[in-house]
Amino acid sequence: MAGLRLSSQTRVHGLVAGELVEIVEWTPVGSGVFVRFRDDLGLESTRMLSEEDLAAIVPEGSRGPTLDAAPDAFWLAVEALRLRHAHLLNPLLAVSSSHVEALPHQVQAVYDHLLRKHPQRFLLADDPGAGKTIMAGLFIKEALARDWVRRCLIVVPGGLAEQWQEELTDKFALHFEIFETSLIGGRRPDDDPLREHPFLIARLDQFSRNPRLIELVTNSNKSRYDLAIFDEAHKLSVQAWGRRVDKSKRFQFAEAVREATAATLLMTATPHNGKDAEYQHFLSLLRPAGQDRYIADAARDGLMRRLVKEQLVHLDGSRLFPERRASTVAYRLTPPERDLYEEVSDYVREEMNKVSGDDTKRSVGFALLILQRRLASSPEAILRSLERRHARLQSEAARVQAADRRLAESLAASLGLQPEDPDELSAEEAEKYEDDVVSVATAARTLGELETEILILERLVQRAQTVREMGVDAKWEALADLLTSDEMYDAASQRRKIVIFTEHRDTLEYLEQRLFELLPADTDIQVIHGLISRADRRVAQVRFTQEANSSILIATDAAGEGVNLQVAHLMVNYDIPWNPNRLEQRFGRIHRIGQRHTCHLWNLVAVDTREGDVFETLLAKLEVQREALGDQVFDVLGQVLTDANLGQLLSRALTGTTHGEIESALDQVSSGLEAAVRQRAATTSTLTPTELTALRKAMEQARASSFQPDVVRDFTLRSFATFHGDITHLGSVWRVAHVPERLRTLFGSSLSTRYNAVTFDRAEGPIMRLEPPELISPGHPLLGALIQATDQEHGNALTQGIVLEDDREDDDYTLLTFVAPDSVSTYKIYADGTQQAANLALYTDLQVDRPGAPDEVAAAQEAIAALEPHLTGARVAAVAYVRGTADARTGEAWRTARRRLRDELIAFGEVPVDALPGQGWDFMTGDDKINFWAAVPASSQAQRRRSERHAAANVGAAQYTLRIIQT
C-alpha cells in the first residue's frame, strides 16, 4: 500500500479504529504520508502514517459487499443518495419541487436555454406577464442543485426588491437578503463584508451610484458572485449619437458586474428601444469586454430568447392569455366642479410659468402637476391637498417671520430634485414623496410672494370646501352607475369581483366611504395603499381572493407591484396614471397567468377638461388600433407612450397647447403602436407544436417522478428522528421546533434553528396564506443537512450491501448503482450476465430479506467486477443482492402481462415508451394527453410498490391506469 494515493473527500477504513473517516488532505512525505482527516462529527485531526500504517488503510467500498447492512441504515442512505442526485434522476427537478405550476415556455427557457451550458451570458426577453421571475427562480434552483452556483446577486429597480424576495421565498424556498447599508455598517473595506451574504438582492440605483458598493461586488474574490441577474435590464441604458456614446451609470455598473461574474442573466420585455446602435451597445453586455462584434440576430446566435404573449400556451395548447378590452366611461363636470377646475388650473399654470426653464426648481413643477392630478381625481383629494399645502406654506411664513431669516434659505429644502427614475421608488415611497413635495415645494422666494400664494390657496380651499359640502361629484356618479349595472353580476346574480385603481390615498378613503353607502351591507371592501404594511396587503389580497363577499378592491399603485389579482377580470381606472408604465402594470394585475376570462377595463375620463381631452383622444385611437392589430397593442402601449412622453404631452395640454397640436402628437403615438407591434413580431423565438409536444412529455414525466411530497416527507421524518430533531404535524403544515446542533454545524448559517411552518406538498397556484409554509424539497437547507448527516452516519451501508426480495421475479439478480460526476446509473445483473437498466427507487420498492449467504456475496462481487471496468470515472455507490421469490408461473405471468399490455396499446394506435423497473409505471403514451400504464396479472395478489403508489398519486387517476391482464 506504499503507492496508495487518495484524493480529498475519499472515505476510508483503518485510520481510526471502528470508524469511517473522510480524507481532507493527503501529502506524501518520504516513504510515509501526512494526512488530515475528518470524523463523522466534523472534527478534523492529523497523523503521519508509516508504510505499515498505510497497509491498513482501505478506501470505502474496496473491501467488497458483505450484504449484511442494517436495513434502516441502508434505507436512509439509499434515499439520501437519491435526493443528493435528484437533479440527475429527475431532469426537471426544480419544476417538480417548487410552489409553481410551470408552463411550457418557462420550462423551455430554463432547460433548453439557460441550462444548456454554464457559464453563459443570456438575455431573456419574453413579453410582460410571462413569468420571468418564475424562470429565474427555476434557473437558480437548478444551478444550485448542479453546484454551478453558490453565490447569486439579483439587481432590480428599487420598487421591486421586496416583491422579488417574497416570490423567491414563497415559491422556491430561496432565501435572499435585500441589501441595506446596515449589512456593511462599521466594517472596513478589507473585511469583505458581503462574503457572509451569498444570496443578495441589490437595488439598481443604490449600487450604480455608489463606487464603494460597486467595488464590493466586483473587486473582491471572496465576495464575487457566481451568477448575476438584472431585472428590467432595459434600464441599463446607452445613448448613441454617431460616434459618441454616453453610457449611463447603470450600464457601467452592469459592465463591471459582467466582468466580475461568471454567468449573467438579463431580463426585460423591451430589449430594443427602436434605435439599432443603442440596442447593439446593450447586447454588448452579453459579450466579454473588448468584443465588439455586430450581433445581427441575438436569438439565432443563442444569446436571447424572446416569446410574445400570442405564442404562450398551456400544456394542452390553449392560449395562455385571454382577450383584453378597454372602454372609456366619459362624463362631464357639474358647474361647481367646473369652476373649481378652472381656478385651480389657472393657479397651477401661473405657478408653472414661474419655474419654466429653471431646472433647479423641477420639484416645484412636479408638485404643481401632482396638484393638477389630484384635482382630476376627486373633490376630496384636491380639498385635502390644498388644505395641507396652505397649512405648510403658512407655517413656513410664520417660521421665517419669527426667526427673522431670509425666506430663500428656509425654502431651499423644497428644491430637492425629483428622482431620476420614478420606478426606483416603491409605490409607498412614491406616495410619501408626492405627499411631501405637493405640500411644501413653492417657487416663492420673498415673503411677499409667499403671502400672495397663501391668499390664493386660501380662496381655493374655500372653493373646494364648498364643492365638497354640496356633494356634487360627476365622476363618482359615473362609477356608481357602472357598479350597479348588470355587467357587474354573473348568471347566478353573484357580484363579480372588480379592482378599482386610484392614484391618491385621499380618493381611496373617499371612495371606500361612498361605496359603503352605495352597496349592500354584506359587501366587504378591501383596500391596498402605500401606508399599509406588506403583511396587511397580503391579508387584503387573501380576503379578496378567497371570500365571496369581498368583491371590491380599491387600490393605489401599491397594488400594481407584486400583487396578483387574477381572481378578478374587471378593472376600473378611476384615475388614469400619467406614467405609462403604471398603466401597463395595473392591467397586468388581472391579465396574467391563471386568468381564464376576458379582461375588461373601464377608464373614467372627464371629457371637458384639458387632460381629459388628451386621454379621450388617446383611448379612441388606441381602440382603433386594437381592432386593427389585436389586443397586443396593450403590450407595447407602455413603451410607445414612454417614447412619446405622455406626461409632457399632458403638461403641454394644461399650459395652453391646442387640441390640434395634441391630436397631431397622438397620431404619432398611433403610428408608433403599429411600428412597435411589427418590431415585436420580428424579433421572436419559437415554440413550435413539435417543441410543445416534447415539453409536454418531459413535464408530465417529471411530475410522475416527483420526489414531492412522499419521498421527501418519508426521508425527512425518518432521518430527522435519528438525529433527535423535533417536527410536529399541525393540520396542513408541519412545525420544526428544533433543528439539532449537529445539522446546523454541518450546514452553516443558511439553516435556521426552527421553522414555524413547512410543507412537503407543492402548491400549483398562488399560496393564499398570511405566512406561507416553506416547501421542503431538494435544495432546501434542512433537507441538505439531513442528506449530508445521513451520508456521514450511514453511507457505508450502501457499499456494505443488503439482501432484498422481489416477488415478481423468479430469478435472482444483483442490483448495482454507479455514480459519476454527471450521471447516476442503476442496473439489474443476472447470473447469466444479462443486464437491465433500472431506477434507483427499486431499492426501496423491494422488501428486506435475511443477510446474504457466501455464494450471494460472491455473486454480487462478480457483478461489480464485470461491470465496473466499463463505467469510466464511476464508483460503486450502492449494492444489493435480490432474491427472486416468485415461482416460475408467477414470474412468467408478470412478464406476459407487460407484453400483452404493450401489444394492446400498439393495437390502439399508441406508441408505448418503456419505463425502467422502479420508475413507477410500465409504459408512457400520448402526445396531446400523456398517460401512464401499469400491468398487473389477474392472478396476482401482490401489493402495489412504493414507486407505483407515488407515481399514481403524483399524476392522478385520470392519467394513471392500472390494467388487469389475463395471463
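The structure displayed is predicted, hence computed values, not measured ones.

Draft legend 1. Summary view of the overall build of the chain. Looking only at helices and strands, the chain features 34 helices and 34 strands. C-alpha extents for the chain along the principal axes are approximately 105 × 70 × 55 Å. Burial status across the chain gives 55% buried among its 967 residues. For the chain, the share of sequence-separated contacts (at least 6 apart) that also reach a separation of at least 24 residues comes to 74%. With the model as given, the accessible surface of the chain reaches about 40,900 Å², and the carbon-plus-sulfur share is 48%.

Draft legend 2. Structural view of the sheet that holds strand S22 (residues 733-738). Strand order across the open sheet formed by four strands is S21-S22-S23-S24, with mixed pairing between neighbours. The open sheet is flanked by strand S21 (726-730) and strand S24 (774-775), the only strands paired with a single partner. Pairing of S22 with strand S23 (residues 755-759), which is carried by two bridges, proceeds in the antiparallel orientation. For Val736, the partnering residue across the bridge sits in S23 and is Tyr755. On the sheet, helix H27 (residues 710-722) packs against S21 and S22 and is oriented at approximately 25° with respect to S22.

Draft legend 3. Spatial organisation of the sheet that holds strand S14 (residues 304-305). Within the open sheet, the seven strands sit side by side as S8-S9-S7-S10-S13-S6-S14. Their pairing is parallel. Strands at the two margins of the open sheet, each flanked by one partner only, are strand S8 (177-178) and S14. Examined bridge by bridge, strand S10 (residues 227-231) and strand S13 (residues 263-267) share five bridges and lie parallel to one another. Residue pairing across strands places Phe230 opposite Leu266, the latter belonging to S13.

Draft legend 4. View of the pattern of salt bridges. One pass over the structure, following the stated rule, counts 61 salt bridges. Here Arg300 makes a salt bridge to Asp301, at a shortest N to O gap of 3.9 Å. The exposure class of Arg300 is exposed, given its relative accessible area of 62%. You can call Asp301 partly exposed: its relative accessible area is 33%.

Draft legend 5. A look at the packing of aromatic side chains. Tallied over the full model, the rule gives nine aromatic pairs. Ring plane angle 70° and centroid distance 6.1 Å describe the contact between Phe230 and Phe253, whose orientation is recorded as edge-to-face. Of this pair, Phe230 sits in strand S10 while Phe253 sits in helix H10 (residues 249-260), and the two are 23 residues apart along the sequence. Neither residue differs from the other here; Phe230 and Phe253 are each classed as buried. Between the aromatic rings of Phe587 and Phe634, the centroid separation amounts to 5.4 Å while the plane-to-plane angle is 80°, which identifies the pairing as edge-to-face.

Draft legend 6. Spotlight on unusual backbone geometry. His118 connects to Pro119 through a cis peptide bond whose omega is -5°. Considering the arrangement of structural elements, one finds Pro119 in the loop between helix H5 (104-114) and strand S6 (121-124). Cis geometry is found at the peptide bond from Gln708 to Pro709, where omega equals -5°. Topologically, Pro709 is positioned in the loop between helix H26 (689-704) and H27. Positive phi values are uncommon outside glycine, yet Asp147 reaches one of about 60°.

Draft legend 7. The arrangement of the pairing of strand S33 (residues 931-937) in detail. Within S33, seven of the seven residues are buried, which leaves it mostly tucked inside the rest of the structure. Alternating positions in S33 separate into two faces, Asn931, Trp933, Ala935 and Pro937 on one and Phe932, Ala934 and Val936 on the other, with burial throughout. Pairing geometry for strand S32 (residues 923-925) and S33, over three bridges, is antiparallel. Paired with Phe923 across the two strands is Trp933, which belongs to S33. Bridging between S33 and strand S34 (residues 960-965) involves six bridges; their strand directions are parallel. In the sheet register, Phe932 faces S34, and the bridge partner there is Tyr960.

Draft legend 8. Layout of the side chain of Arg151. Looking at the element boundaries, Arg151 is found in the loop between helix H6 (132-145) and strand S7 (152-156). Here Arg151 sits buried without a salt bridge, and the closest side chain of opposite charge, Asp226, lies 6.0 Å off (N-O distance). Of the polar contacts made by the side chain of Arg151, one reaches the backbone oxygen of Arg195; its length is 2.9 Å.

Draft legend 9. Focus on helix H2 (residues 71-84). The terminal C-alpha atoms of H2, which comprises 14 residues, lie 20 Å apart, in line with the 20 Å expected from a rise of 1.5 Å per residue. Taken across its 14 residues, H2 has eleven buried, putting it largely inside the fold. Inspection of H2 places Ala73, Phe74, Trp75, Leu76, Ala77, Val78, Glu79, Ala80, Leu81, Arg82 and Leu83 among the buried residues, and these make up the whole buried set.

Draft legend 10. Layout of the packing of helix H22 (residues 610-629) against helix H24 (residues 646-654). At their nearest, the axes of H22 and H24 sit 8 Å apart, and the two run at 135° to each other. The pairing of H22 with H24 is recorded here as oblique in orientation. When the axes of H22 and H24 are compared, the crossing they make is right-handed. In this structure, H22 uses Arg610, Glu611, Val614, Phe615 and Leu618 to contact H24, whose residues at the interface are Leu646, Leu649, Leu650, Ala653 and Leu654. A breakdown of the residues in the contact of H22 with H24 according to their chemical character gives eight nonpolar, no polar and two charged.

Draft legend 11. Quick look at the environment of His105. Mapping His105 onto the fold places it in helix H5. The spacing of His105 and Glu691 is 586 residues in sequence and 9.9 Å in space, taken between C-alpha atoms. When neighbours within four sequence positions are excluded, His105 is seen to be in contact with Asp126, Ala130, Met135, Arg305, Leu307, Leu312, Leu320 and Leu687.

Draft legend 12. Structural detail: helix H32 (residues 854-867). When the terminal C-alpha atoms of H32 are compared, their 20 Å separation across 14 residues agrees well with the 20 Å that a helix rising 1.5 Å per residue should span. Listed in full, the buried residues belonging to H32 are Glu856, Val857, Ala860, Ala863, Ile864 and Leu867. One face of H32 carries all of its buried residues, which in axial projection span an arc of 120°. When the buried face of H32 is taken as reference, the exposed residues oriented beyond 90 degrees from it are Pro854, Asp855, Glu862 and Ala865.

Draft legend 13. Focus on the nonpolar core. Grouped together as the largest cluster of nonpolar side chains are 106 residues, with contacts concentrated most on Leu386, Leu479, Val499, Ile500, Leu515 and Ile554. Dropping the residues within four chain positions of it, Ile500 is found in contact with Leu479, Leu483, Leu511, Leu515, Ile552, Leu553, Ile554, Ala555, Val572 and Tyr574. In terms of nonpolar packing, the next biggest core, distinct from the first, is built from 51 residues, Leu92, Met135, Ala143 and Phe199 among them.

Draft legend 14. Up close: the environment of Ile576. Along the polypeptide, Ile576 turns up in the loop between strand S19 (570-573) and helix H21 (580-590). Expressed as a C-alpha distance, the spacing of Ile576 and Arg373, which sit 203 residues apart in the sequence, is 9.3 Å. When near neighbours in sequence (up to four residues on either side) are disregarded, Ile576 contacts Glu503, Leu583, Arg586, Asn603, Leu604, Val605, Phe615 and Leu619.

Draft legend 15. Main features of the environment of Ile787. The residue Ile787 is located in helix H29 (residues 781-794) in this model. Its relative accessible area of 9% is what places Ile787 among the buried residues. C-alpha separation for the pair Ile787 and Glu862, spaced 75 residues apart in sequence, amounts to 30 Å. With near-sequence residues (within four places) excluded, Ile787 lies in contact with Ala80, Leu83, Arg84 and Phe715.

Rules of the game
- Residues numbered from 1 in each chain as written.
- Predicted model: local features only at pLDDT ≥ 70, side-chain atom pairs only at ≥ 80, totals over all residues.
- Heavy atoms only, no water.
- Helix = DSSP H or I, 4+ residues; strand = E, 2+ residues; numbered from the N terminus.
- Buried < 20%, exposed > 50% of the residue type's maximum accessible area, 1.4 Å probe, protein only.
- Contact = heavy atoms within 4.5 Å.
- Areas by Shrake-Rupley, 256 points an atom, 1.4 Å probe, with all protein chains shown as cover.
- Pairing = 2+ DSSP bridges.
- Axes fitted to C-alpha atoms, helices over the stretch in contact; angles between N-to-C directions.
- Salt bridge = Lys/Arg side-chain N within 4 Å of Asp/Glu carboxyl O.
- Phe/Tyr/Trp six-rings, centres within 6.5 Å; stacked < 30°, edge-to-face > 60°.
- Lys, Arg positive; Asp, Glu negative; His and termini not counted.
- Polar contact = N/O pair within 3.5 Å; in protein donor to acceptor, adjacent residues only side chain to side chain.
- Expected span 1.5 Å × (residues − 1).
- Parallel < 35°, antiparallel > 145°, perpendicular 65-115°, else oblique.
- Left-handed = near helix turned anticlockwise from the far one by under 90°.
- Nonpolar A, V, L, I, M, F, W, Y, C, P; charged D, E, K, R; others polar.
- Arc of directions from axis to C-beta.
- Core = buried A, V, L, I, M, F, W, Y, C linked by side-chain atoms within 4.5 Å.

Function cannot be read off these values alone, since they describe shape.
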